[in-house]
Amino acid sequence: MPDQSEFSHPFSPTDGERQRVQAGDLAMIFTSDYKRFVARIHPEGVTHTHLGAFRHADLIGATWGSTVKSQIGYDALVLQPSLTDIMKSLKRSTQIIYPKDAAYIVHRLSLRAGSRVVEAGTGSGGLTTALAWAVAPSGMVFTHEAREDIYQVARENLARVGLSPFVKMFLCDIEEGFRAEDADAVFLDVREPWRYLAHVRRALRPGGFFASLLPTANQVIELLRAFDEHHFADVSVEELILRSYKPTPERFRPDDNLIGHTGYLVFARCIDLGEDMARWRQPERQRYEARLQTQAELEAEARRRAAEVAAGGKKYPKLPLPG
Ligand SMILES: C[S@@+](CC[C@H](N)C(=O)[O-])C[C@H]1O[C@@H](n2cnc3c(N)ncnc32)[C@H](O)[C@@H]1O
């Protein structure tokens, strides 16, 4: 039986932490108007909210899920933050990947404790947080960011939530390549991911996973066109629409506001350079290409016959052009 302590996730509470708030815990103050404040508990710490300041000394020893009071007498619940709460609490210097997309990316890249995953750009560290959460405690995220101001915000965010030990951060432009190799997966959230596919190949282990999030269809088409040249197969493009509901038993119905579009998710696998890409395109694309070829052959034959008829040759029945 393996030593379980070696495999425990950094956010798995110990027996003591499971019951009560302790110094060093990541905690969330949850107010009755559903505002959330995530903070690392420190004996001298204070979390300021619109309902007054909450002294951490008053929180230490409280049972998780119980009421605590601000200095001006407002109640709040003290809870352990979820990964979604943590991601939403990050300071933002860029748009972050939504938790719904991050969760699915982790699943589709098949990440687990021990995985090695390469990422660019880091941005505010939103996705980095979800990746690190998935690969900890024995894996590593190698994340790349070109802008120093953005890189610094992400560094502070990751340190604040305690995930820095599972992330190696690089301040660099991926135009020069990635600073990691033998990765199980590479994820790109940059404007022109198709420009970096040669670098992605070099960073990935054979057969590794690739994904990218793109806000516009034009970008998706550019990326799809580049996959053949760089030998990526098993391609899919997906979009997640999340619908929330008003959890009111007497009047249960969808929320009034729906986030229509966050981004297209593109997934692919890196295959051997010796493979003939024509064999490994999606069946839909193979069928379309076969149809185009048949159409071109029939049109050529129709032209040849028309020329023969015009020259006084024999008459032909109509050719069946594909529909
Ligand atoms: C939309 S943000 C990423 C947000 C991030 N996924 C998150 O969830 O917080 C895109 C980031 O990519 C960075 N970036 C763009 N091109 C880059 C490149 N060639 N090399 C490194 N970083 C790049 C930008 O500076 C920006 O911070």
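Here the structure is a predicted model, which is why all the values come from computation and not from measurement.

Caption draft 1: The arrangement of the overall build of the protein chain in detail. Scanning the protein chain for helices and strands turns up 11 helices and 15 strands. Against the 2.2 N^0.38 benchmark of 20 Å for 323 residues, the protein chain shows a C-alpha radius of gyration of 27 Å, more extended than a compact globule. Reported as C-alpha extents along the three principal axes, the dimensions of the protein chain are approximately 100 × 50 × 45 Å. Looking at the protein chain as a whole, 32% of its 323 residues are labelled buried.

Caption draft 2: Main features of the sheet that holds strand β9 (residues 167-171). Judged by pairing direction, the sheet is mixed, and its seven strands sit side by side in the order β9-β8-β7-β10-β11-β15-β12 without closing on themselves. Of all the strands in the sheet, just β9 and β12 (232-238) have a single pairing partner and so form its edges. Between one strand and the next, the sheet's axes are offset by a mean angle of 15 degrees, whatever the strand orientation. With five bridges joining them, strand β8 (residues 140-145) and β9 adopt parallel strand pairing.

Caption draft 3: Structural view of the sheet that holds strand β2 (residues 36-40). Strand order in the open sheet formed by four strands is β2-β1-β6-β5, and the pairing between neighbours is antiparallel. Edge positions in the open sheet fall to β2 and β5 (67-69), since each of these has one partner strand only. When the angles between neighbouring strand axes are averaged without regard to direction, this sheet yields 35 degrees. Sheet topology places β5 next to strand β6 (residues 75-79); three bridges connect them, and they run antiparallel. When the bridges of β6 are listed, Val-68 appears paired with Ala-76.

Caption draft 4: Just the confidence of the model for the protein chain, in detail. Mean pLDDT over the protein chain: 93, with 96% of residues reaching 70 or higher. Of the regions scoring below 50 in pLDDT, residues 1-5 engages in one contact with residues more than four places distant in sequence or in other chains.

Caption draft 5: Highlighting the site of the ligand. Near the ligand, the surroundings consist of 21 residues, among which Gly-121, Gly-123, Gly-126, Ala-146 and Asp-189 are the closest. If you list the elements that add at least two residues to the shell around the ligand, you get α6 (126-135) and β8. Among the residues making up the shell around the ligand, the classes are represented as eight nonpolar, eight polar and five charged.

Caption draft 6: Quick peek at the environment of Asp-189. With respect to the helices, strands and loops of the structure, Asp-189 is situated in the loop between β10 (183-188) and α8 (197-203). Separated by 100 residues in the primary sequence, Asp-189 and Ser-89 have C-alpha atoms spaced 20 Å apart. Residues in contact with Asp-189, not counting those within four places in the same chain, are Ile-97, Gly-121, Gly-123, Leu-127 and Leu-213.

Caption draft 7: Molecular detail of helix α9 (residues 217-230). With 14 residues, α9 should cover 20 Å at 1.5 Å per step; its first-to-last C-alpha distance of 20 Å lies within 8% of that length. Those residues of α9 not exposed but buried are Gln-219, Val-220, Leu-223 and Phe-227. Down the axis of α9, the buried side of the element spans an arc of 95 degrees, and every buried residue falls inside it. Turned more than 90 degrees off the buried face of α9, the exposed positions are Asn-218, Arg-225 and Glu-229. Of the surrounding secondary structure, the elements contacted by the buried residues of α9 are β11 (204-214), β12 and β15 (264-270). Remark: His-231 follows α9 within two positions and exhibits a positive phi of approximately 60 degrees.

Caption draft 8: Seen up close, the domain arrangement of the protein chain. Here the protein chain is partitioned into domain 1 (22-81) and domain 2 (85-275). For domain 1 versus domain 2, the distance between C-alpha centres works out to 31 Å. Residue-level contacts link six residues of domain 1 with six residues of domain 2. Elements represented by at least two residues in the side of domain 1 that touches domain 2 include exactly β1 (26-31) and β2. At three residues, the largest contribution of residues to the side of domain 1 that touches domain 2 is made by β2. In terms of residue class, the side of domain 1 that touches domain 2 is made up of four nonpolar, no polar and two charged.

Definitions and cut-offs
Residues numbered from 1 in each chain as written. Predicted model: local features only at pLDDT ≥ 70, side-chain atom pairs only at ≥ 80, totals over all residues. Helix = DSSP H or I, 4+ residues; strand = E, 2+ residues; numbered from the N terminus. Rg over C-alpha atoms; globule rule 2.2 N^0.38 Å. Buried ≥ 20, exposed ≤ 12 C-beta atoms within 10 Å, placed from the backbone. Pairing = 2+ DSSP bridges. Axes fitted to C-alpha atoms, helices over the stretch in contact; angles between N-to-C directions. pLDDT = per-residue confidence, 0-100. Contact = placed C-beta atoms within 7 Å. Near = placed C-beta within 6 Å. Nonpolar A, V, L, I, M, F, W, Y, C, P; charged D, E, K, R; others polar. Expected span 1.5 Å × (residues − 1). Arc of directions from axis to C-beta. Domains from an automatic or database assignment.

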